[in-house]
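Examination of the molecular architecture
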Amino acid sequence: MGPIMLDVQGTSLSAEDKELLEHPLVGGCILFSRNYHSPQQMTALTQDIRNAAGENILLAVDHEGGRVQRFREHFTAIPAMGKLWSLAGEDKTRAMRLAHQCGLLMALEVQAVGIDISFAPVLDINGISEVIGDRAFHQQTDVIIPLATAFIDGMNSAGMLATGKHFPGHGSVKEDSHIALPVDSRCFNDIAGLDLKPFKAMLDKGALSALMPAHVIYPDVDKLGVGFSSVWLQKVLRQTLAFDGVIFSDDLSMEGAAVIGGYMERAEAAQQAGCDMLLVCNNREAAIEVIDNANISIDQVSSRRLGKLLKITDTDWAGLAKDPRWQQANRFVKDFL
């Protein structure tokens with residue numbers, strides 16, 4: 001499976017989309033709101049993407065709930081993760097049940113239109129970050145951990161594997177890495193004592209099959225942003241935390257990645273640091289430049305890791321309404337809202 005994840009332009013494939021999807025370096029495609037019109041159309045689009053690329057392509061979406069839910073009409077509105085605790089009256093048992101049903105519902109619906117994974121859940125703390133906020137489950141790690149565990153259990157029960165983001169934690173730095181380069185000057189022990197805790201807890205449980213690093217620099221650990229840092233990805237994540245799942249780069253088009261250089265340099269640096277799949281989104285020229293010119297390769301270990309994320313369920317949208325798991329989760333979440 002190729003190491004590049006790109007996007008497509010509209011609700012159906014253009015000739016250029018098809019040509020890019022056929023390239024052996026392309027192993028993934030991420031879908032956005034602009035690609036969605038209806039469940040039937042999205043099902044046809046995902047099938048067309050697989051036909052163009054061959055079956056061995058990973059289809060992904062950011063479908064967390066709240067303000068980050070790419071498909072809305074006909075999909076169940078998933079609350080923001082940061083609302084679950086208060087919706088459940090700050091009752092841990094009720095909040096965990098709600099989180100489980102949200103994870104199950106999200107995964108069932110996303111997979112029913114042909115997509116393998118949602119990049120979820122967010123394991124950051126709801127601290128001072130402008131871009132995280134209520135995408136995080138809570139301010140306190142002892143609330144985040146049980147809710148994230150329940151949400152992932154729900155995803156898994158629908159057959160979807162979980163991607164934790166944004167390792168090792170984006171919540172304690174103010175700037176939005178889409179438009180700026182955040183720098184978090186705390187020492188490693190402070191990060192490990194707070195932001196890293198939910199990630200470590202999920203890793204200890206074996207709950208995460210993939211991780212997405214933050215476009216944040218922690219100069220006490222390394223002068224490079226996490227997604228370009230072999231210290232973070234190899235020494236901390238692979239060796240100390242013994243993680244053997246997929247590492248996705250965050251989008252290489254984001255401003256937080258620009259310090260590395262042009263798109264070719266970003267892609268090469270991310271793969272060299274240890275990213276299994278490189279996201280180049282919302283910039284077609286950049287995607288073409290990386291595919292044509294970057295010195296990146298197909299790695300068999302990465303391919304094997306990525307292959308484990310492909311969905312194994314065959315639920316389709318038409319059958320979803322008859323699925324008792326969907327019926328129960330849909331009713332449960334709507335009752336809370």
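Anyway, here's the lowdown on the structure attached to this text. Keep in mind that what you see is a predicted model, and the values were worked out from it rather than measured. (Residues numbered from 1 in each chain as written. Predicted model: local features only at pLDDT ≥ 70, side-chain atom pairs only at ≥ 80, totals over all residues. Heavy atoms only, no water.)

Remarks on the pattern of salt bridges
Inspection of every chain in the model, using the stated rule, returns 17 salt bridges. One salt bridge connects Asp134 with Arg67, and the closest N-O pair in it is separated by 3.4 Å. Within this pair, whereas Asp134 is found in the loop between β6 (117-118) and α5 (141-157), its partner Arg67 is found in the loop between β4 (63-65) and β5 (68-69), the two being separated by 67 residues in sequence. Classification of Arg67 as partly exposed rests on a relative accessible area of 45%. Salt bridges linked by common partners bring Asp62, Glu64, Arg70, Arg135 and Lys165 together as one network. (Salt bridge = Lys/Arg side-chain N within 4 Å of Asp/Glu carboxyl O. Helix = DSSP H or I, 4+ residues; strand = E, 2+ residues; numbered from the N terminus. Buried < 20%, exposed > 50% of the residue type's maximum accessible area, 1.4 Å probe, protein only.)

Re the packing of α5 against helix α7 (residues 196-205)
Packed helix pairs are specified by the crossing angle of their axes together with the interaxial distance, meaning the distance between the axes. In contact at an axis separation of 9 Å, α5 and α7 are set at 40° when each is read in the N-to-C sense. By the angle between their axes, α5 is oblique relative to α7. Both α5 and α7 take part in a crossing whose hand is right-handed. On the side of α5, the interface is formed by Thr141, Ile144, Ile145, Ala148, Thr149 and Ile152, while α7 contributes Lys197, Pro198, Ala201, Met202 and Lys205. Along the lines of polarity and charge, the residues of the contact of α5 with α7 split into seven nonpolar, two polar and two charged. (Axes fitted to C-alpha atoms, helices over the stretch in contact; angles between N-to-C directions. Parallel < 35°, antiparallel > 145°, perpendicular 65-115°, else oblique. Left-handed = near helix turned anticlockwise from the far one by under 90°. Contact = heavy atoms within 4.5 Å. Nonpolar A, V, L, I, M, F, W, Y, C, P; charged D, E, K, R; others polar.)

Description of the sheet that holds strand β8 (residues 210-213)
The strand order across the open sheet built from three strands is β7-β8-β9, with neighbouring strands paired in parallel fashion. Looking at the sheet topology across the chains shown, the edges are occupied by β7 (163-167) and β9 (246-247). Sheet analysis places β8 next to β9, joined by two bridges and oriented parallel. Bridge assignment links Leu211 to a residue of β9, and that residue is Ile247. Strands β7 and β8 of the sheet are contacted by α7, whose axis makes an angle of about 150° with β7. (Pairing = 2+ DSSP bridges.)

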